[in-house]
Amino acid sequence: MRQRQLYVLLFQIARKSEKRIPSGKHKKSSTAIRRVSYVLACLYLAACGIMLGLLAASYGSMVIFGAMPYVIIIDFSMRFAFSRQTINLTPYLLLPLSKHDVARCFIVSTLASRYNITWLCLFVPYAIVNGAMYSTNVILLISIVIVCQMLILINSLWHLLVSTLTSHNSVLWLLVSMAFVLPLMATNTPASNTLAAMFFDFCCNNGFSFVSIITYIMIGMLLFALNKKFILRYAENELAGVSGSFCQPCKSLKLPFPIGSIGEYIKLEMLSVIRNRNVRRCFAQGILLMLVFSVSLMYNMTYASNTMPHTFWTFYCFIFFGGINLTRIMEQEGNYIDLLMTRCVSLHTLLIAKYYYYCTILLLPLAMLLPCIAAGKLSLLLVAASIFTASGPAYCALFQLAVSNNHAMPLNESINGKQRNINTTATVTSILVFLLPALFMSVANNYGSLKTSLIVMVVIGIAFTATHRLWLKNIYIRMARQKHENIDTFYSS
């Protein structure tokens, strides 16, 4: 078989792999929503491209390169929600195929994904507006589009490398997070406007030079080689049964409060984080991102008082951990769901324990923001609204996913390139949890009083928090009605 034929065959297998995963039947019901969302995203990118094209009258035809650093940061963040690996390398290592060809095909298929091509909706309208209104050379515009798309592909390789490395060592997230913390901390410094203008001018003047293009090519080749090296290494280790960690005896866990049935399930949550690698990684990622927002907000508060952006970030500090981890609620319990079914009220007790567990974690960003509260830079009303919105409506919406989440999450196994279960309901719920509080505060700030809106949010949050037993009971009843169907899907996954 020729190399070209091998690539075509592997691409076809990757395209059909999505139909063979257990969640395929759920994807058919949400096809219309995903297609409409994709069209709206393309239209939004086209509108942004037209606006950047109009700015070319003031900044020149290279204005797109001044915006590319921000595009790359947004692209890198969005890939964790919308981009995914599509080929499992491990089975192909058992076939009489060149492992290097298979790895290269995997990386090329990642670069050729529809997500990467979508960014042309930003670059092509920019080039069209620039050429139609300012008579820019067509060859120059085509070159600009190619170089911008090259940066997106380089960012795709960087994301793939980060995903591969952090899946085996969560400590590396500290290095990646610094790339986001430093720009956030510099946004409200006294010289932020001057620094931003200097950085924008530097990117516009040097983003499309001969030296920069050669640098892009070299970085892309280096990332391609690193991805191939690490993907093959981890796939071979997985095939050989080699693990990067050793089993250690886990000591008994004692809680500082009386142990009842709920306390035992809280211990189960904590021990699951301690013992299981994948659960521990998700927990560490949520804690790290929550601390990143808290630290950046605390730093920015030293230069400015309460503003609308700071209000948004305060809410995100408290909602982020639940928004990251509760979208996969009950997926780790799917590995032993039959044991939880032995007692009729065990799932109800587990849901209550989970709620108390996630409410306790809200004390962490609160402790981080105490200096800002003590200095008067952050109002107690805003913090109370953030806490009760997270423990009330946000957690209520996220806990509803316990009914629809029916695919088990591997606790320790890490299959390289395995197709992830993409739950559309979980994705939409997570987006709404982050979007609706900001939208409500924005509308209230424009048409009323922000203080009044915060009081309303505190009242609503307290009502949801005080009645958590009622809506958790409702979730448990709905779970019990379809427990047999969920158990079958848990086992098949």
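Predicted model only: the values in this text are computed from it and were never measured. (Residues numbered from 1 in each chain as written. Predicted model: local features only at pLDDT ≥ 70, side-chain atom pairs only at ≥ 80, totals over all residues. Heavy atoms only, no water.)

Peer 1: Can you tell me about the overall build of the chain, naming the residues and giving the values?
Peer 2: Check the secondary structure of the chain and you find 24 helices and zero strands. Counting only residues that meet the buried cut, the chain has 45% of its 493 residues in that class. In the chain, of all internal contacts separated by at least 6 residues, the share reaching a separation of at least 24 is 84%. Of the accessible surface of the chain, which amounts to about 25300 Å², a share of 69% is contributed by carbon and sulfur atoms. (Helix = DSSP H or I, 4+ residues; strand = E, 2+ residues; numbered from the N terminus. Buried < 20%, exposed > 50% of the residue type's maximum accessible area, 1.4 Å probe, protein only. Contact = heavy atoms within 4.5 Å. Areas by Shrake-Rupley, 256 points an atom, 1.4 Å probe, with all protein chains shown as cover.)

Peer 1: Let's hear about the packing of aromatic side chains: which residues, and what values?
Peer 2: Considering all chains together, one arrives at twelve aromatic pairs under this definition. Ring pairs connect the aromatic residues Phe321, Tyr355, Tyr356, Tyr357, Tyr358, Tyr395, Phe399 and Trp471, which therefore count as one cluster. A cation over a ring is seen here: Arg114 above Tyr38, with NZ or CZ 4.8 Å from the ring centre. The ring of Phe230 has Lys229 sitting right over it, with the charged end atom 5.9 Å from the ring centre. (Phe/Tyr/Trp six-rings, centres within 6.5 Å; stacked < 30°, edge-to-face > 60°. Lys NZ or Arg CZ within 6 Å of the ring centre and 35° of its normal.)

Peer 1: Which residues make up the side chain of His468, and what are the values?
Peer 2: Positionally, His468 belongs in helix H23 (residues 468-481). A distance of 3.1 Å separates a polar atom in the side chain of His468 from a polar atom in the side chain of Tyr356. When near neighbours in sequence (up to four residues on either side) are disregarded, His468 contacts Tyr355 and Tyr356. (Polar contact = N/O pair within 3.5 Å; in protein donor to acceptor, adjacent residues only side chain to side chain.)

Peer 1: Quick one: what's the story with helix H6 (residues 99-111), residue by residue and with numbers?
Peer 2: A rise of 1.5 Å per residue sets the reference length of H6, with its 13 residues, at 18 Å; its end C-alpha atoms lie 19 Å apart and thus fit the reference within 8%. Of all the residues in H6, the buried ones are Asp101, Val102, Ala103, Cys105, Phe106, Ile107, Ser109 and Thr110. (Expected span 1.5 Å × (residues − 1).)

Peer 1: Could you give an account of helix H8 (residues 120-134), with specific residues and numbers?
Peer 2: The terminal C-alpha atoms of H8 lie 20 Å apart, and with 15 residues this matches the ideal 21 Å at 1.5 Å per residue to within 8%. The set of residues buried in H8 consists of Leu122, Phe123, Pro125, Tyr126, Ala127, Val129 and Asn130. Immediately downstream of H8, the backbone of Ser135 shows phi near 55°, a positive value.

Peer 1: Which residues make up the side chain of Asn325, and what values go with them?
Peer 2: On the secondary structure map, Asn325 appears in helix H15 (residues 308-325). Judged by relative accessible area, Asn325 falls into the buried class, the value being 11%. In terms of polar contacts, Asn325 uses its side chain to reach the backbone carbonyl oxygen of Phe321, at 3.0 Å. Contacts of Asn325, omitting those with residues within four sequence positions, involve Cys282, Phe283, Gly286 and Tyr358.

Peer 1: Outline the nonpolar core, supporting the account with residue identities and numerical values.
Peer 2: Within soluble globular proteins, side chains that are nonpolar generally end up buried alongside one another. One finds Leu351, Tyr395, Phe399 and Ile475 to be the most contacted residues of the largest nonpolar core, which totals 63 residues. Beyond its immediate chain neighbours, meaning those up to four positions away, Tyr395 contacts Gly322, Leu326, Tyr355, Tyr358, Cys359, Leu362, Ala390 and Trp471. (Core = buried A, V, L, I, M, F, W, Y, C linked by side-chain atoms within 4.5 Å.)

Peer 1: Quick rundown of the pattern of salt bridges? Include the residues and the values.
Peer 2: Close approach of charged atoms lets side chains of opposite charge pair. Scanning the entire structure with this criterion turns up three salt bridges. Lys267 is the salt-bridge partner of Glu264, the closest N and O atoms lying 4.0 Å from each other. Here Glu264 pairs with Lys267, and both are found in helix H13 (residues 261-275), just three residues apart, close to one helical turn. Taking the shortest distance from any N to any O, the salt bridge between Glu269 and Lys354 comes out at 2.8 Å. Of this pair, Glu269 sits in helix H13 while Lys354 is found in helix H17 (residues 346-361), placing the two residues 85 residues apart along the sequence. In terms of burial, Glu269 and Lys354 fall into one category: buried. (Salt bridge = Lys/Arg side-chain N within 4 Å of Asp/Glu carboxyl O.)

Peer 1: Would you mind going over a nonpolar patch on the surface in detail, with residue names and values included?
Peer 2: Among the surface-exposed residues, Ile33, Val428, Ile431, Leu432, Leu435, Leu436, Leu439, Val443 and Tyr447 lie close enough to one another that they form a single nonpolar patch of about 860 Å² accessible area. If one sorts the elements of the nonpolar patch by residue count, helix H21 (residues 424-447) sits on top with eight residues. Residue position: Val428 is located in helix H21. (Patch = residues over 30% accessible without salt bridge, like charges linked within 9 Å, V, L, I, M, F, W, Y side chains within 5 Å.)

Peer 1: Mind laying out the packing of H21 against helix H22 (residues 450-466), listing which residues take part and the relevant values?
Peer 2: The relative placement of two packed helices is expressed as an angle between their axes plus a distance between the axes. In the contact formed by H21 and H22, the axes pass within 8 Å of each other and the chain directions differ by 145°. For H21 against H22, the interelement crossing comes out right-handed. Each of Pro437, Phe440, Met441, Ala444 and Asn445 in H21 lies in contact with H22, whose residues at this interface are Leu450, Ser453, Leu454, Val456 and Met457. (Axes fitted to C-alpha atoms, helices over the stretch in contact; angles between N-to-C directions. Left-handed = near helix turned anticlockwise from the far one by under 90°.)

Peer 1: Give a detailed account of the packing of H17 against H23, specifying residues and quantitative values.
Peer 2: Following both chains from N to C, one finds H17 and H23 inclined at 135°, their axes separated by 9 Å at the closest point. The angle between the axes of H17 and H23 places the two elements in the oblique class. Remark: the crossing between H17 and H23 carries right-handed chirality. Residues Leu347, His348, Leu351, Ile352, Tyr355 and Tyr356 of H17 touch H23, and the partners they reach there are His468, Arg469, Trp471, Leu472, Lys473, Ile475, Tyr476 and Met479. Considering only residue class, the contact of H17 with H23 consists of ten nonpolar, two polar and two charged. (Parallel < 35°, antiparallel > 145°, perpendicular 65-115°, else oblique. Nonpolar A, V, L, I, M, F, W, Y, C, P; charged D, E, K, R; others polar.)

Peer 1: Describe the state of the cysteines, with residues and values.
Peer 2: Evaluation of the coordinates by the stated rule reveals zero disulfides. Among the cysteines around Cys42, which has no disulfide bond, Cys121 carries the closest sulfur, lying 3.7 Å off. (Disulfide = S-S within 2.5 Å.)

Peer 1: A description of the confidence of the model for the chain should follow, citing residues and the corresponding values.
Peer 2: Per-chain confidence: the chain averages 77 in pLDDT, with 75% of residues scoring 70 or above. Averaged pLDDT values over the elements of the chain bottom out at 51 in helix H2 (residues 24-29) and peak at 90 in helix H19 (residues 380-399). Between residues 244-248, whose pLDDT stays under 50, and residues either more than four places distant or in other chains, the model counts zero contacts. For residues 415-419, every residue scores under 50 in pLDDT, and the model assigns this stretch 21 contacts once sequence neighbours within four places are set aside. (pLDDT = per-residue confidence, 0-100.)

Peer 1: Account for the environment of Thr465, naming residues and giving values.
Peer 2: One can find Thr465 in helix H22. Classification of Thr465 by relative accessible area gives buried; the value is 18%. When the C-alpha positions of Thr465 and Cys396 are compared, they lie 8.7 Å apart, and in sequence the two are 69 residues distant. What Thr465 contacts, discounting residues up to four positions off in sequence, is Tyr355, Phe388, Ser391 and Gly392. Within the local environment of Thr465, its side chain forms a polar contact with the side chain of Ser391, the two groups lying 3.0 Å apart.

Peer 1: Account for the environment of Leu382, with residues named and values stated.
Peer 2: As for its placement among the helices and strands, Leu382 is situated in helix H19. Residue class for Leu382 comes out buried when judged on its relative accessible area of 2%. When residues no more than four places from it in sequence are discounted, the contact partners of Leu382 are Thr311, Thr314, Phe315 and Leu454.

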